[in-house]
Amino acid sequence: MTSIGWRIAKFLAVLVIVVWSLGPIAIGVTTSISTQREVNDIPTRWVPAHPTLNAYRDLLQGTSNQRAGGTVTEAGTFSRSLWNSTVLAIVSTAVILVVSTMAAYAFGRLRFRFGGALFAVLVGTIVIPIFVVVIALFKLMADAHLIDTKRGLVMVFVATLTPLATWLLYTQVREMPTEPEEAALIDGCRRWQAFVRVVVPQMSSGIAAVAAILVLSVWGEFLIPLLLTSTLTAKPVTVQITEYVGKYVTNYPILAAAGVLALIPPALLALILNKRITGMLAGSS
Amino acid sequence: MSGTISLESVSKQFPGGVLAVDDLSLEVEPGEFLVLVGPSGCGKTTALRMVAGLEPVTSGEIRINDRLVTRLPPRERDIAMVFQNYALYAHMSVRGNMGFGLKMARLPRQEIRSRVDGAAEMLGLTDLLDRKPRQLSGGQRQRVAMGRAIVREPAAFLMDEPLSNLDAKLRVEMRGEIIRVQRRIAAPALYVTHDQTEAMTMGDRVAILRDGVLQQLGTPDDVYDSPVNVFVAGFIGSPAMNLIPATLSSEAGDVAVSFGTTRLSVPARVLERRPRLAEFAGRPVTLGVRPEDFAPAERGDGLANVTVDRVESLGSELVVYLDGGVGEPLTARLARQATLEPGQQTQLAIDLNRLYFFDAESGEAI
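Residues numbered from 1 in each chain as written. Chains lettered and ligands numbered in written order. Predicted model: local features only at pLDDT ≥ 70, side-chain atom pairs only at ≥ 80, totals over all residues.

J.: Explain the overall build of chain A here, please?
T.: A tally of helices and strands in chain A yields 14 helices and zero strands. Along chain A, from the amino end to the carboxyl end, the secondary structure elements read α-α-α-α-α-α-α-α-α-α-α-α-α-α. Along the three orthogonal principal directions, the C-alpha set of chain A runs to about 75 × 65 × 35 Å. Here chain A, with 285 residues, has 35% of them falling under the buried criterion. (Helix = DSSP H or I, 4+ residues; strand = E, 2+ residues; numbered from the N terminus. Buried ≥ 20, exposed ≤ 12 C-beta atoms within 10 Å, placed from the backbone.)

In structure tokens, the structure reads:
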């Protein structure tokens, strides 16, 4: 029970967590600046002898089948998928935020018939795994001609993520003092004006945190876009990366480069909004 | 001077069945500062919120400036309200906060600017106009909340315990300031507090509420000198009035009241003022004695037998806790010259002309 022993134990625990989370990323980065030959070397080389950005060039500008060693890349495809991911994340997040902020306020503040029951149903859907409805979802989307469209994906993301966002914002609405909006009502606002001019600004930190959570969730989605997209009209980067796994041989540096590039936007976002997200998830915002 | 606030038989029953306000009628006259006071949970804040339109009324009517507003939303009532926790808009500057209501009323920008500047000057906020609320102290926030209310030039002011978050010194300062500002604006003000000192010092009139029922409405002197029942007698005044279980006896026209080993004969003047008192002969009554109506024995007529329990010096005077043989301790305020030691058995004079009598059963004043 010496404090020095305790501190060493804590340090080791943190070290394990850091290695566990950052290890794969570090391996990804070193792989992406290696050559295919170095990757296949035995014994394993952790750090490339001649770091090169060739994999990135191949990924973005396209390769011949020969040089890529099984993995085929075409100029513009990867950046196209990055663009798709960006559009999907931003549009879905925007729509979800509008809907869930209003819903959270309504459930949190206003008294209306069946309000509690509706909220329970809404929150209850959070626990339903998407796998349960995936076949029905596919059929529905196919019937509506929404397969392989960004529109269709956005609709699915909005439907699946709105309950979580509403629930997170609801807790914030419940913790917020009511007086500022009452003051706004007295100061001449209608209910919706008070909402837009006073409530939403008051919720801004929570909304920012939820926005970050949503962007990260949509960016990381794999199963749904895998199922509902087939071409680059809608295919996001998570699905596109799997294309670089060759049938017989895989060019690991290219695969790793794709992974690293796909990681940068959400990593930046998470870094910027780190404090707000942890605050939100810890229940205070 | 214009504008009134009037409540006519206003009641509020909450969905759970709690009757928060029961048949409340009162009128705040033009330019008047009326304080609604009572212990927490007495319905005073609910009453205020009904006037503001933040809480629907169950029955009764509310008029502001003779205009029926009972079913109007808050924005159409032409009122301004100051909240207990100030309720400032955190994302707006002081100027934005104060001008918000005017902006919503679509006043020209120049007009908003000059009105905000004027109010800021009156409240000493001129240097703070560009700050955000979180950069202000409690007293400054309180001033901004006041400023936001007065720039609107409303028909009526509502204030919900606006001073309770301030420290004692600032509270005394702001008491004066609020009164000064309200006098200048001359709009009627309905002010809610649980603090009887605030009620007594600020109110032109004071309305005392208990369990949603209005107990008494009158000037501070009225409610202090002639409380209508035991509740008002005990609530108004600090330290509180001594309420002593006693019996009234009458022998050959000589009426006396006794408790413990003390027997006080009631002067004829008092009997004249309270003709019903004779009817209570032989029955238990509650005798009311204000702490300041005690005096050292040599100075008064009625002598009470007491044992000194504890003596607190406030510097200017002594607060003495006494055992009068009635179970409850008695409180007396005496001049500092009085020499009393804990444990000492002594006699203290009671000003017999200032005795209060209450029906022991109903609590009503006799």
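J.: When you look at the overall build of chain B in this model, what are you seeing that I'm missing?
T.: Check the secondary structure of chain B and you find nine helices and 20 strands. For chain B, the spread of C-alpha atoms along the three principal axes comes to 80 × 45 × 40 Å. Of all 366 residues assigned to chain B, the portion counted as buried reaches 42%. Counting only contacts in chain B whose residues sit at least 6 apart along the sequence, the fraction spanning at least 24 positions is 66%. (Contact = placed C-beta atoms within 7 Å.)

J.: Would you take a moment to explain the pairing of strand β1 (residues 5-13) of chain B for this structure?
T.: Both faces of the sheet carry side chains from a regular strand, because those side chains alternate between them. Residue and element names in this part refer to chain B. Across five bridges, the pairing between β1 and strand β4 (residues 59-64) is antiparallel. What sits directly across from Leu7, in β4, is Ile62. Where β1 meets strand β2 (residues 19-28), six bridges bridge the pair, whose relative direction is antiparallel. Within the sheet, the bridge partner assigned to Leu7 lies in β2 and is Leu26. (Pairing = 2+ DSSP bridges.)

J.: Just checking my understanding: could you explain the packing of helix α3 (residues 109-123) of chain B against helix α4 (residues 138-151) of chain B for this structure?
T.: The axes of two packed helices give the description: the angle between them and the distance between them. All names here are of chain B. The contact between α3 and α4 brings their axes to 9 Å, and the two run at 135 degrees. The pairing of α3 with α4 is recorded here as oblique in orientation. Read as a crossing pair, α3 and α4 show a hand that is right-handed. Contact with α3, carried on its side by Arg115, Val116, Ala119, Ala120 and Leu123, involves Arg143, Met146, Gly147, Ile150 and Val151 of α4 and no other residues of that element. Counted by class, the contact of α3 with α4 contains seven nonpolar, one polar and two charged residues. (Axes fitted to C-alpha atoms, helices over the stretch in contact; angles between N-to-C directions. Parallel < 35°, antiparallel > 145°, perpendicular 65-115°, else oblique. Left-handed = near helix turned anticlockwise from the far one by under 90°. Nonpolar A, V, L, I, M, F, W, Y, C, P; charged D, E, K, R; others polar.)

J.: Quick question: what am I supposed to make of the sheet that holds β2 of chain B here?
T.: The strands that make up a sheet are held in pairs by hydrogen bonds between backbone atoms, and each pair lies either parallel or antiparallel. Residue and element names in this part refer to chain B. A sheet is described by the order of its strands in space; here four strands give the open sequence β2-β1-β4-β5, paired in antiparallel fashion. Only two strands of the sheet have a single neighbouring strand rather than two, namely β2 and β5 (67-68). Where helix α1 (residues 44-52) meets the sheet, it contacts β1, β2 and β4, and its direction lies at approximately 115 degrees from that of β1.

J.: Any chance you could explain the interface of chain B and chain A here in plain terms?
T.: Quoted interface sizes are often the accessible area lost when the parts come together. Contact residues are listed per partner, giving 17 residues for chain B and 14 residues for chain A. Looking at the side of chain B that touches chain A, the elements with two or more residues in it are β6 (79-82) and α2 (94-104) of chain B. The residue makeup of the side of chain B that touches chain A, split by class, is 13 nonpolar, three polar and one charged.

J.: Where do I start with the nonpolar core in this structure?
T.: Here is a general trend for soluble globular proteins: nonpolar side chains tend to be buried in one another's company. Of all hydrophobic cores here, the largest spans 147 residues; its most connected members are Leu36, Val51, Met81, Leu158, Leu190 and Tyr191 of chain B. Among the elements that make up this core, the one with the highest residue count is helix α8 (residues 150-175) of chain A (11 residues). Beyond its immediate stretch of four places on either side in the chain, Leu158 of chain B contacts Leu48, Val51, Ala52, Ile79, Met81 and Leu190 of chain B. In this structure, Phe78, Ile254, Leu255 and Ala256 of chain A belong to the second largest nonpolar core, which totals 14 residues. (Core = buried A, V, L, I, M, F, W, Y, C linked by C-beta atoms within 7 Å.)

J.: Hey, could you run me through the sheet that holds strand β20 (residues 356-359) of chain B in this one?
T.: Residue and element names in this part refer to chain B. Judged by pairing direction, the sheet is antiparallel, and its five strands sit side by side in the order β13-β12-β11-β14-β20 without closing on themselves. Edge positions in the open sheet fall to β13 (262-265) and β20, since each of these has one partner strand only. Each adjacent strand pair in this sheet contributes to an overall mean axis angle of 40 degrees, direction not counted. Bridge analysis of strand β12 (residues 254-259) against β13 gives four bridges, and the strand direction is antiparallel.

J.: Is there a simple way to think about the packing of α8 of chain A against helix α11 (residues 204-220) of chain A in this case?
T.: Residues and elements named next belong to chain A. Running from N to C, α8 and α11 point in directions that differ by 155 degrees, and their axes come no closer than 10 Å. One finds that α8 runs roughly antiparallel with respect to α11. Along this stretch, α8 crosses α11, giving a crossing that reads as right-handed. Here Phe157, Leu161, Ala165, Leu168, Leu169 and Gln172 of α8 come into contact with α11, specifically with Gly206, Val210, Leu214, Ser217 and Val218. Classifying every residue of the contact of α8 with α11 by side-chain character gives eight nonpolar, three polar and no charged.

J.: How do you make sense of α3 of chain B when you look at a structure like this?
T.: Each turn of an α-helix holds 3.6 residues, which means side chains three or four residues apart point in the same direction. Residues and elements named next belong to chain B. With 15 residues, α3 extends 21 Å from end C-alpha to end C-alpha; this agrees with the ideal 21 Å at 1.5 Å per step. Within α3 the residues assigned to the buried category are Ile112, Val116, Ala119, Ala120 and Leu123. Looking straight down α3, one finds its buried side chains confined to an arc of 100 degrees; they lie on one side. Facing away from the buried side of α3 by more than 90 degrees, the exposed set consists of Gln110, Glu111, Ser114 and Glu121. Contacts made by the buried residues of α3 are with α2 and α4. Following α3 by one or two positions, Gly124 adopts a phi angle in the positive range, close to 70 degrees. (Expected span 1.5 Å × (residues − 1). Arc of directions from axis to C-beta.)

J.: Which parts of the structure should I look at to understand α11 of chain A?
T.: Here α11 of chain A is 17 residues long and its end C-alpha atoms lie 24 Å apart, about the 24 Å a rise of 1.5 Å per residue gives. For α11 of chain A, the full list of buried residues reads Gly206, Ile207, Ala209, Val210, Ala211, Ala212, Ile213, Leu214, Val215, Val218 and Trp219 of chain A.

J.: I tried to follow the pairing of strand β3 (residues 33-37) of chain B on my own but got confused; where do I start?
T.: All names here are of chain B. The element β3 is largely enclosed, with a buried count of five among its five residues. Pairing analysis gives five bridges linking β3 to strand β8 (residues 189-193), with the strands arranged parallel. Across the sheet, Leu36 pairs through a bridge with Val192, a residue of β8. Bridge analysis of β3 against strand β9 (residues 205-210) gives four bridges, and the strand direction is parallel. Bridge assignment links Leu34 to a residue of β9, and that residue is Arg205.

J.: Can you walk me through unusual backbone geometry in this structure?
T.: What is expected of a backbone is that most residues other than glycine have negative phi and most peptide bonds are trans. All names here are of chain B. Following Ser238, the chain continues into Pro239 via a peptide bond in cis, with omega recorded as -5 degrees. Checked against the element boundaries, Pro239 lands in the loop between α8 (230-235) and β11 (242-251). Despite not being glycine, Asp23 shows a phi value in the positive range, around 55 degrees. For Asp23, a count of 15 C-beta atoms within 10 Å translates into the label partly exposed. With phi around 45 degrees, Asp211 is a residue other than glycine that occupies positive phi space. Checked against the element boundaries, Asp211 lands in the loop between β9 and β10 (213-218).

J.: Would you take a moment to explain the environment of Val319 of chain B for this structure?
T.: Residues and elements named next belong to chain B. Within the element layout of this structure, Val319 appears in strand β17 (residues 317-323). Val319 sits in the partly exposed class, given 15 other C-beta atoms within 10 Å. It is 5.7 Å that separates the C-alpha atoms of Val319 and Ala332, two residues lying 13 residues apart in sequence.

J.: Looking at this model, I keep getting lost on the confidence of the model for chain B. Mind explaining?
T.: Reading predicted coordinates in detail is not appropriate for stretches of low pLDDT. Of the residues in chain B, 99% have a pLDDT of 70 or more, and the chain-wide mean is 89. Model confidence for the complex: the whole-complex pTM is 0.82, and ipTM, which rates the interface, is 0.85. (pLDDT = per-residue confidence, 0-100.)

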